[in-house]
Amino acid sequence: MRFNEFDLSTLFRLLRGKCKSIVRNCIIAAVVGFLIAWCIPKEYESSASIIPETSANAMEASGLSALTSMAGINLNEGEDAIGPDLYPTVVESNQFVAELLYTPVETIDGEQVPDLLTYMKEYTRGPWWGYADLWMGRLMKKLNPPEDHNARGEGERINAERLSRDDEMLIEGLKNCIDCQMDEKTGMINISFRAQDPLVAKTIVDTLMLNLQEFITAYRTSKARIDLLHYRQIEEETKQKYEEAQKAYAAYCDTHMGTTLLQAYQTEMEALEAELSVALTAYTQVKQQVQLAEAKVQEKTPAFTVVEVASVPPRHASPHKLLMAIAFAFLALVCTVGWYYVRLLFGKDEPLPA
């Protein structure tokens, strides 16, 4: 196959002669891009930012851990297994997203929707070309029904551990609407959510922030709460023994009034007094341990600083009609120039004389 040899000036002369054709193609592409963007439903994005409380030791070690991790050295042994850098992974986990589907929402028009799952199925819409994929998918299911062992019954909640194919697609679609990022320098967590209704977007961001705070609090205080439960159980046992010893001592005193001079009775009463004293001491000590455990839970409970609260977005975030029109026009320009270049390379076009 023979190729023509030419320089850039030859190509520029050819493109100058085809200027009208290039401009026409760019205008047509821009109009097509604008129409496509017009067919895509508007999406609104709401976001919020918080900074969870971190311990002083963690803040001091953060700089060293970033350096030593490159050498394979872990300075966080004994610290939290789920650090702040893993919070975005937690937010986008199946369990976290599945619980989010049952959040009641309200549209900007004041219509109450039972939950986000109902909103996504009945209140969201896609571009017109998306219906072709939907109909094709339904047709394929009828022609070749898939085996789905995790299909749930009517009215049954989604189980994140046994997702059906439809539920998996639904959760993946919801994950695409969630964006959680963490700034490693400041520790700030930014969460945003996109929806076709601005109030729904704001509601879900608030729910995400609240659920994340509850998760962090439950995780940070899990060991302290287990210790508190253990000490409370011991407190109930020691209290019961103390009350039994108190009743036994009181009953003995009531039934042996006036016989205190007898040595046998005196010995028995002293033994009951000793048991009562031991029971009281044990109960008092355990009660102090319960108070310390309660203080430990309060100490481990993190505080959250809300840097930016979620708000109802006044303008849609996508699609950007102008940007899409420009992108289509630029693509048409590149394709048209490339087309004339190939034609000139293979001798299909002759350049205009200089």
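The residue numbers shown here count from 1 along each chain, following its written sequence. It should be noted that, the model being predicted, local features are given only for residues of pLDDT at least 70 and side-chain atom pairs only at 80 or more, the latter also being counted only at that level, while totals for whole chains, interfaces and linings use all residues. The side-chain figures draw on all heavy atoms in the structure; neither hydrogens nor water molecules are used.

Engineer: Could you clarify how one ought to interpret a negative patch on the surface in this entry?
Structural biologist: Patch membership requires over 30% relative accessible area and the absence of a salt bridge. Like charges are linked within 9 Å, and nonpolar side chains (Val, Leu, Ile, Met, Phe, Trp, Tyr) within 5 Å. Each accessible area is a Shrake-Rupley estimate made with a 1.4 Å probe; only the visible protein chains count as cover when residues are assessed. Note on definitions: salt bridges are taken to be side-chain nitrogens of Lys or Arg within 4 Å of carboxyl oxygens of Asp or Glu. Residues scored as positive are Lys and Arg, those scored as negative are Asp and Glu, and His as well as the terminal groups of each chain are ignored. In this description, the location of a charge corresponds to atom NZ of lysine, CZ of arginine, CG of aspartate or CD of glutamate. On the surface, Glu 236, Glu 237, Glu 243 and Glu 244 cluster together into a patch of negative charge. As for its position among the elements, Glu 237 is in helix H10 (residues 222–255). A run of H or I in DSSP counts as a helix once it spans at least four residues, and a run of E counts as a strand once it spans at least two, with each numbered from the N terminus.

Engineer: Quick question: what am I supposed to make of the packing of aromatic side chains here?
Structural biologist: How two aromatic rings sit relative to each other is set out by the distance from centre to centre and by the angle between their planes. Note on ring pairs: Phe, Tyr and Trp rings are taken, using the six-membered ring of Trp, and paired if centres are within 6.5 Å. Classes follow the plane angle, with under 30 degrees stacked, over 60 edge-to-face and the rest tilted. Under the criterion given, the structure shown has four aromatic pairs. Note on Phe 215 and Tyr 219: the rings are 6.4 Å apart at their centroids and 10 degrees apart in plane angle, and the pair reads as stacked. Residue Phe 215 and its partner Tyr 219 are both found in helix H9 (residues 198–220); the two are separated by four residues, about one turn of the helix. A ring pair is formed by Tyr 242 and Tyr 283, whose centres lie 6.0 Å apart and whose planes are at 5 degrees; its orientation type is stacked. Note that Tyr 242 is positioned in helix H10 and Tyr 283 in helix H11 (residues 263–300), a separation of 41 residues in sequence.

Engineer: Sorry, what's going on with the pairing of strand S1 (residues 44–52) here?
Structural biologist: Two faces belong to every sheet, and in a regular strand the side chains alternate between them. Strands were regarded as paired on the criterion that DSSP finds at least two bridges between them. As judged from the seven bridges shared by S1 and strand S5 (residues 189–195), these two strands associate in the antiparallel manner. Bridge pairing in S5 places Ala 48 opposite Ile 191. When S1 meets strand S6 (residues 304–308), the two strands line up antiparallel, connected through four bridges. Within S6, the residue paired with Ile 51 across the bridge is Thr 305.

Engineer: How do you make sense of helix H12 (residues 321–345) when you look at a structure like this?
Structural biologist: Side chains that are three or four residues apart share a direction in an α-helix, a result of its 3.6 residues per turn. What a helix is expected to span follows from its residue count: subtract one and scale by 1.5 Å. Helix length check: H12 (25 residues) gives 36 Å between terminal C-alpha atoms against 36 Å at 1.5 Å per residue, within 8%. Exposure classes here rest on a 1.4 Å probe applied to the protein chains alone. A residue is buried below 20% of its type maximum, exposed above 50%, and partly exposed in between. Turning to H12, its buried residues are Lys 321, Ala 325, Ala 329, Ala 332, Thr 336, Tyr 340, Leu 344 and Leu 345.

Engineer: Help me understand the sheet that holds strand S4 (residues 178–182) in this model?
Structural biologist: The pairing of strands in a sheet comes from backbone hydrogen bonds and takes either a parallel or an antiparallel form. Spatially, S4-S5-S1-S6 is the arrangement adopted by the four strands of the open sheet, whose pairing is antiparallel. Both edges of this open sheet fall to S4 and S6, since each of them pairs with a single strand only. The sheet shows a mean angle of 20 degrees between the axes of neighbouring strands, taken without regard to direction. Each of S4 and S5 touches helix H8 (residues 165–177); the most contacted strand, S4, lies at about 50 degrees to it. The strands touched by H9 are S1, S4, S5 and S6; relative to S1, the strand with the most contacts, the crossing angle is about 20 degrees. Interaxial angles span 0 to 180 degrees and are taken between N-to-C directions of axes, which are lines fitted to C-alpha atoms, for helices over the stretch in contact. Contacts are assigned to residue pairs with any non-hydrogen atoms lying within 4.5 Å of each other.

Engineer: Looking at this structure, how should I read helix H2 (residues 19–39)?
Structural biologist: Taking 1.5 Å of rise per residue, 21 residues should cover 30 Å, and H2 covers 30 Å from first to last C-alpha, within 8% of that figure. Ser 21, Ile 22, Cys 26, Ala 29, Gly 33 and Ala 37 are the residues of H2 that are buried. The buried side chains of H2 occupy one side of the element, clustering within an arc of 135 degrees when seen end-on. When the buried face of H2 is taken as reference, the exposed residues oriented beyond 90 degrees from it are Lys 20, Ile 27 and Trp 38. Regarding the arc, it is the one traced by the directions from the helix axis to the C-beta atoms.

Engineer: Which parts of the structure should I look at to understand the pattern of salt bridges?
Structural biologist: Once their charged atoms are close, side chains differing in charge can pair, the charge on each being opposite to the other. Under the defined criterion, the tally for this structure stands at nine salt bridges. Here Lys 202 makes a salt bridge to Asp 206, at a shortest N to O gap of 2.9 Å. Placement of both Lys 202 and Asp 206 in helix H9 is noted, with a separation of four residues, approximately one turn of the helix. A relative accessible area of 24% places Lys 202 in the partly exposed class. Since its relative accessible area comes to 31%, Asp 206 is described here as partly exposed. In this structure, Lys 287 and Glu 235 form a salt bridge, with 3.3 Å as the shortest nitrogen-oxygen distance. Here Lys 287, found in helix H11, pairs with Glu 235, found in helix H10; they are 52 residues apart in sequence, far enough to count as distant. Several salt bridges share partner residues, and in doing so they unite Glu 43, Glu 45 and Arg 194 into one network.

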